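What follows is each chain in one-letter form.
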Amino acid sequence: METLIFYTTAFFILAAAGYVVTTMNIFRAAIGLTGVLAGIAGLYLLMNAQFLSAVQITVYVGGIMVLIVFAILLMPEASMHLRRENPKWFRFIGGVSAALVFAVLAYSITAFIGAQDAAGTSLEPAAASIREIGLALLSPGGNGFVLPFEFVSVVLIAALIGATTIAKRTPNPETKEEQE
Amino acid sequence: MNSPGLEHYLIFAALLFCIGLYGIVTRRNLIGMLMSVEIILNAAALNFVAFHRFKFGGDVAGAMFPLFIIAIAAAEAAVALAIILALFRRKRNLDVLSDNLLKN
């Protein structure tokens, strides 16, 4: 049963991801990306990482996707209908390089990780509980993550302030010169 | 078929990563490139969770890194979209190849 769910979800995610990178309508790509992110949340759930799954849904599907869709709707003429202007060799090179990278990755995964896995060095499959995650997030010291936790909050504040400052409507110097 | 283990998830994440890589290389629209980056980040986070579950017996650190990846990705998306919006106001298009704003 787990196998069936894994392969179904994996196939769904790969199909959606392929749609995201090939479709010529950015809005449809955003919908496809929603499918990818929700599918990844499903895989987290399959790996018993419930907290990560919930975070994935709330932050990615609920936050970042809404942001991207808003951005697309704010600039429709630049993103809705893309023309396929890339020369064919451009996409060919992209596909070849992606395939080469995948070949290297797949070889190293099967050759090294698989061998290690067969040698029995792995621990019993288990997942961190929500309680463990919460304790680790707020405890200082060797196994604690309170310092990066606080740093991330500073980074988020800085990013929000920076984003609003950058996106603020400023007088365009080029058009001003034209008016004068 | 045996139940999915570490290798299954790693191969899947590698595939997802390569799809995102293809998207970054071939996309000319800035928002499209940003979406490909999100796919790549998700593939990386999936690797962390797979290792944490199947190799290190539920070590908390493996569940922590995806959390931080997600937080940083949110910040990155906000800043990137703000920059894209500012660029769009000035240039009226989001094509990376036709953009020579930084050149002049």
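Enquirer: For this particular structure, what's the right way to read the overall build of chain B?
Expert: A count of helical and extended segments in chain B gives three helices and zero strands. Listing every helix and strand of chain B by position from the N terminus yields α-α-α. Against the 2.2 N^0.38 benchmark of 13 Å for 104 residues, chain B shows a C-alpha radius of gyration of 17 Å, more extended than a compact globule. Counting across all 104 residues of chain B, residues that qualify as buried make up 58%. Contacts in chain B between residues at least 24 apart in sequence constitute 55% of all its contacts with a sequence separation of at least 6. On chain B, the mean spot of the 9 positive side-chain charges and the mean spot of the 6 negative ones are 11 Å from each other.

Enquirer: Before we go on, may I ask you to explain the overall build of chain A in this structure?
Expert: Each helix and strand counted, chain A has eight helices and zero strands in total. The order of α-helices and β-strands along chain A, N terminus first, is α-α-α-α-α-α-α-α. Counting over 180 residues, chain A shows a buried share of 33%. Considering only residue pairs separated by 6 or more positions, chain A has 51% of its internal contacts joining residues 24 or more positions apart. Element-wise, carbon and sulfur atoms account for 70% of the exposed surface of chain A, whose accessible area totals about 10,800 Å².

Enquirer: Is there a simple way to explain helix H3 (residues 50-74) of chain A in this structure?
Expert: Residues and elements named next belong to chain A. In a regular helix each residue adds 1.5 Å, so 25 residues correspond to 36 Å; H3 covers 34 Å between its end C-alpha atoms and thus fits that length. Along H3, the sharpest kink reaches roughly 25°, centred on Met65. Among all positions of H3, only Leu52, Ser53, Val55, Gln56, Tyr60, Ile64, Met65, Ile68, Ala71 and Ile72 are buried.

Enquirer: What is the right way to look at the packing of aromatic side chains in this model?
Expert: Centre distance and the angle of the planes are the two values used to describe a pair of aromatic rings. Summed over all chains, the structure comprises seven aromatic pairs over all chains. For the pair Phe145(A) and Phe68(B), a centre-to-centre distance of 6.4 Å together with 35° between the ring planes defines the contact as tilted. A residue pair is termed interchain when its members come from two chains, as with Phe145(A) in the loop between helix H6 (130-137) and helix H7 (146-167) and Phe68(B) in helix H3 (residues 60-91). Since its relative accessible area comes to 14%, Phe145(A) is described here as buried.

Enquirer: What exactly am I supposed to notice about the interface of chain A and chain B here?
Expert: Accessible area lost on assembly of the parts is the figure often given for the size of an interface. Contacts between chain A and chain B engage 87 residues on the former and 76 residues on the latter. When chain A packs against chain B, close to 7,400 Å² is buried across both sides, 75% of that on carbon and sulfur atoms. The largest per-residue losses of area from chain A upon contact with chain B belong to Val21(A), Met47(A) and Met75(A), which jointly make up 9% of the total buried on that side. At the junction of chain A with chain B, the criterion picks out zero salt bridges. Within the residue set of the side of chain A that touches chain B, elements represented by two or more residues are helix H1 (2-22), helix H2 (26-46), H3, helix H4 (76-79), helix H5 (88-119), H6, H7 and helix H8 (173-179) of chain A.

Enquirer: Just checking my understanding: could you explain the environment of Ala75(B) for this structure?
Expert: With respect to the element layout, Ala75(B) can be found in helix H3. Excluding residues within four positions of it along the chain, Ala75(B) makes contact with Val155(A), Leu156(A) and Ala159(A).

Parameters at a glance
Residues numbered from 1 in each chain as written. Chains lettered and ligands numbered in written order. Predicted model: local features only at pLDDT ≥ 70, side-chain atom pairs only at ≥ 80, totals over all residues. Heavy atoms only, no water. Helix = DSSP H or I, 4+ residues; strand = E, 2+ residues; numbered from the N terminus. Rg over C-alpha atoms; globule rule 2.2 N^0.38 Å. Buried < 20%, exposed > 50% of the residue type's maximum accessible area, 1.4 Å probe, protein only. Contact = heavy atoms within 4.5 Å. Lys, Arg positive; Asp, Glu negative; His and termini not counted. Charge placed at Lys NZ, Arg CZ, Asp CG, Glu CD. Areas by Shrake-Rupley, 256 points an atom, 1.4 Å probe, with all protein chains shown as cover. Expected span 1.5 Å × (residues − 1). Bend = angle between axes of the 7 residues up to and from the residue. Phe/Tyr/Trp six-rings, centres within 6.5 Å; stacked < 30°, edge-to-face > 60°. Buried area = accessible area lost by both parts, 1.4 Å probe. Salt bridge = Lys/Arg side-chain N within 4 Å of Asp/Glu carboxyl O.

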